[in-house]
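Coordinates in review
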Amino acid sequence: MPCYTVTVATGSQWFAGTDDYIYLTLVGTEGCSERTLLDKPLYNDFERGAVDSYDITVGENLGDIELVKIEKKKYWMHDDWYCKYITVKTPSGDYIEFPCFRWVVDDKEIVLRDGRARLPQDDKTRVAKQHRRKELETRQKTYRWKEWHPGFPMSIDAKTHKELPRDIQFDSEKGVDFILNYSKAIENLYVNQFMHMFQSSWGDFSDFERIFVRIKNTISEYVMQHWREDFMFGYQFLNGCNPVMIQKCTQIPEKFPVTHEMVADCLERDLTLEEELKAGNLYIADYEIMEDISPNATDPCTTQYLAAPICLLYKNSQNKILPIAIQLSQNPGEDSPIYLPSDNQHDWLLAKIWVRSSDFHVHQTVTHLLRTHLISEVFGIAMFRQLPAVHPVYKLLLPHIRFTIAINTKAREQLICENGLFDKANGTGGGGHVQLVQRAMKTFTYKSLCFPDAIKARGMESQEEVPYYFYRDDGNRVWEVVKSFVTDVVNIYYASDETVQEDDEIQAFIKDVCSFGMQDFDYCGENKSLHIYGQMNEIYFSFSSKLMQYDWCSWIPNAPPTMRKPPPTNKGQVDMQFIVESLPDRGRSCWHLGAVWALSQFQENELFLGMYPDEHFFEKQTKKAVETFHQKLSEVSKLIKNRNEGKKLPYYYLSPDRIPNSVAV
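Residues numbered from 1 in each chain as written. Predicted model: local features only at pLDDT ≥ 70, side-chain atom pairs only at ≥ 80, totals over all residues. Heavy atoms only, no water.

1. What about the overall build of the chain?
Each helix and strand counted, the chain has 21 helices and 16 strands in total. The C-alpha atoms of the chain give a radius of gyration of 28 Å, which matches the 26 Å a tight globule of 665 residues would have. With respect to the three principal axes, the spread of C-alpha positions in the chain is 95 × 55 × 45 Å. Across the 665 residues of the chain, 58% fall into the buried class. Contacts spanning at least 24 positions in sequence make up 75% of the contacts within the chain whose residues lie at least 6 apart. Side-chain charges of the chain comprise 74 positive and 93 negative groups, with the mean position of each set lying 2 Å from the other. (Helix = DSSP H or I, 4+ residues; strand = E, 2+ residues; numbered from the N terminus. Rg over C-alpha atoms; globule rule 2.2 N^0.38 Å. Buried < 20%, exposed > 50% of the residue type's maximum accessible area, 1.4 Å probe, protein only. Contact = heavy atoms within 4.5 Å. Lys, Arg positive; Asp, Glu negative; His and termini not counted. Charge placed at Lys NZ, Arg CZ, Asp CG, Glu CD.)

2. Some points on the UniProt feature "binding site: Ca(2+) 2" (unreviewed entry) in the chain
Per the UniProt record, "binding site: Ca(2+) 2" (unreviewed entry) is found at D39. Inspection of the secondary structure assignment puts D39 in the loop between β4 (36-37) and β5 (51-57). With residues near it in sequence (within four places) discarded, D39 still touches D45 and Y54. (UniProt positions renumbered as here; feature names shortened; annotations may be inferred.)

3. Some points on the UniProt feature "binding site: Fe cation" (unreviewed entry) in the chain
Per the UniProt entry, the sites bearing "binding site: Fe cation" (unreviewed entry) are H368 and H373 in this numbering. Along the chain, the position of H368 falls in helix α8 (residues 345-386). Relative to the helices and strands, H373 resides in helix α8. Residue classification places H373 among the buried positions, given a relative accessible area of 6%. Leaving out residues up to four positions away in the same chain, H373 has contacts with H368, T404, I407, N408, V663 and V665.

4. Some remarks on a nonpolar patch on the surface
On the surface, a nonpolar cluster with roughly 620 Å² of combined accessible area is contributed by Y21, L37, Y75, W76 and M77. Secondary-structure assignment places L37 in strand β4. Overall, the relative accessible area of 35% leaves L37 in the partly exposed class. (Patch = residues over 30% accessible without salt bridge, like charges linked within 9 Å, V, L, I, M, F, W, Y side chains within 5 Å. Areas by Shrake-Rupley, 256 points an atom, 1.4 Å probe, with all protein chains shown as cover. Salt bridge = Lys/Arg side-chain N within 4 Å of Asp/Glu carboxyl O.)

5. With respect to the sheet that holds strand β8 (residues 95-104)
With respect to topology, four strands assemble into an open sheet ordered β5-β1-β7-β8, the strand pairing being antiparallel. Looking at which strands have only one partner, the edges of the open sheet turn out to be β5 and β8. The average undirected angle you get between the axes of adjacent strands in this sheet is 20°. (Pairing = 2+ DSSP bridges. Axes fitted to C-alpha atoms, helices over the stretch in contact; angles between N-to-C directions.)

6. Some points on the pattern of salt bridges
For the structure on display, the rule yields 28 salt bridges. Across the pair E465 and K248 runs a salt bridge, and its minimum N-O distance is 2.3 Å. A residue pair is termed long-range when its members are at least 10 positions apart, and E465 in the loop between α13 (451-457) and α14 (470-493) and K248 in strand β12 (residues 247-248) qualify at 217 residues. We classify E465 as partly exposed; its relative accessible area is 30%. Residue classification places K248 among the partly exposed positions, given a relative accessible area of 22%. Overlapping salt bridges, with partners in common, bring together R113, D123, R132 and E505 in one network.

7. A short note on the side chain of H363
Relative to the elements of secondary structure, H363 occurs in helix α8. Residue H363 is classed as buried on the basis of its relative accessible area, which comes to 1%. In terms of polar contacts, H363 uses its side chain to reach the side chain of Q364, at 3.4 Å. (Polar contact = N/O pair within 3.5 Å; in protein donor to acceptor, adjacent residues only side chain to side chain.)

8. What about the nonpolar core?
In this structure, I246, M383, F384, F509 and W552 are the most contacted members of the largest nonpolar core, which totals 139 residues. When residues no more than four places from it in sequence are discounted, the contact partners of M383 are R139, Y394, L397, L398, I401 and F509. Residues V68, W81, V88 and L112 belong to the second largest nonpolar core, which totals 25 residues. (Core = buried A, V, L, I, M, F, W, Y, C linked by side-chain atoms within 4.5 Å.)

9. Observations regarding the sheet that holds strand β13 (residues 282-286)
One open sheet accounts for five strands, arranged β12-β13-β14-β15-β16; its pairing is antiparallel. Every interior strand has two partners, whereas the edge strands, β12 and β16 (338-339), have only one. Sheet topology places strand β15 (residues 321-327) next to β16; two bridges connect them, and they run antiparallel. Its bridge partner lying in β16, Q327 is registered against I338. Against the sheet, helix α5 (residues 230-239) makes contact with β13, β14 (310-315) and β15, and its axis sits at roughly 95° relative to β15, the strand it touches most.

10. A look at unusual backbone geometry
Here F101, not a glycine, exhibits a phi torsion of approximately 50°, which is positive. Counting through the fold element by element, F101 comes out in strand β8. On the basis of relative accessibility, which here comes to 12%, the residue F101 falls in the buried class. For F403, which is not glycine, the phi torsion reads 70° and is therefore positive. What makes F403 buried here is its relative accessible area of 14%.

11. Describing the environment of N281
On the secondary structure map, N281 appears in the loop between α7 (273-278) and β13. For the pair formed by N281 and F15, sequence separation is 266 residues and the distance between their alpha carbons is 59 Å. Ignoring any residue separated from it by four or fewer positions in sequence, one finds N281 in contact with R269, E276, L313, Y314 and K315. A polar contact is formed between the side chain of N281 and the side chain of E276, at a distance of 2.8 Å.

Put into structure tokens, the structure is as follows:
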């Protein structure tokens, strides 16, 4: 009688094993096996990390095996089980892989297809089409859209992490508990002695070192030593925590009336300001998005303030980017002076601190929260709702949304919710961060997710004009490698653009992203295949920002999370005491320090770019593409490592071996 050998792999994560009864049914083109209990006498089946084999004997050959059905029934109490994969050895000696990588919960069943990737138009049999349809129907009931706030991208319909589908929950919720992690960070950094000192100012800048001494590293210490210098201020626009604000200045805005006489002493080429402008030597950072954002008012004992500054930057003869004028509001006038390097040193320093504080808010809320976390979640939910597990784009995207929906849900539960941790130390807490996201979404475009387009839109694409923009250079290198890999994979399964257009599932995926996830804020374009490429690259590029936070934001005067005095309206009234009293108090400083420390840590089992421990692709061509991808990523990592040798300020954030595979912190 024909005998099929079934090998079952259980996951190695915590609590992956089960004592429940596991039944298996083979479904072939010529018939089905009986529902078989997988159980070996005197043996503990399905232990964590185990690979178990079982023989299933049938009356006659089942033909080509199309499906494997797994059922779990309660033994004593419900015991979830994580199944990695099932391999079936046929009577003829062939091996068929059935990837699973899912949790089997309660008294549920899972029906698997073999690991070959297929487009919907590739499926011809009734069984295959029916399985594809039922899988999506089930997923669409499980992964539902919900509006967390008006004007936000749509998110998953779950109030807490525990309400999420088991497959997208963290393996251990403790590891991503923001309250627990922040508390641990504060304790480990030995700053808990200051936690009760809200409203209590530091004595001077050196006083900040009392909470900084435990966490110094090469870059953060360099920042502490040089943060006051104009060079360090300008450098951060290129390679700091938020290197996406600087753009080429093609015209001095009317709202920022800088004249040649004001800045003549800063210009080095014997040119007028207008001539420097035409020569392409002026750059600008405009924080207009911060205008009229409500400051944090959750603490009645401390009034907090925000600003919407504009900063004019100059590329000097050594190609350094230096600030030459700062206005702390969007409305020029007597009460909104333009601060200059020639002003009183305290006036100029405080003006730069205000710019750094505004930059911190835009980074935290727009660059990081919106464009990294929330946008990636949209693509993840749409993927689960519209692409079955056999779809090649599902296989391509799945590793890059690992735990993304989970971390976002946890953030909505503890971090950015009303009375959440965000309110404790951030000047945009208490609702300002919500306003910022809503405002940013009004001008959000799909094209801004594509790295080279975003660089070009700011006029920053020329290496000759701006030679030390490592964010741009490394980003373009990784972009090209990723684009090449995704193109190779997509071309294996899509013969032409027409094949893309005929793929109903990919069209539904894009519609879900644009019409539901983005709520039609952005016109997605006609070339639907580009959305595959664009999403892959956006996932790769969007989360490097979180890993920079500790380096650039741990020295609090360089990135104040809130300000306790309003922007000055006149020059000559600021001294060192005024500056220190403007900066965060001791308690908020400690919360901030704990936050940037916790948010900058890698996960315990972090997966970096190109690491695919779960095998989803089985075609030789695709495996070859993955292998080539690894080789190219390694080359980029080596190039970046060599460039950083001997540098006081190494730039490694976009080195592939430091870019996480997904947004999970």
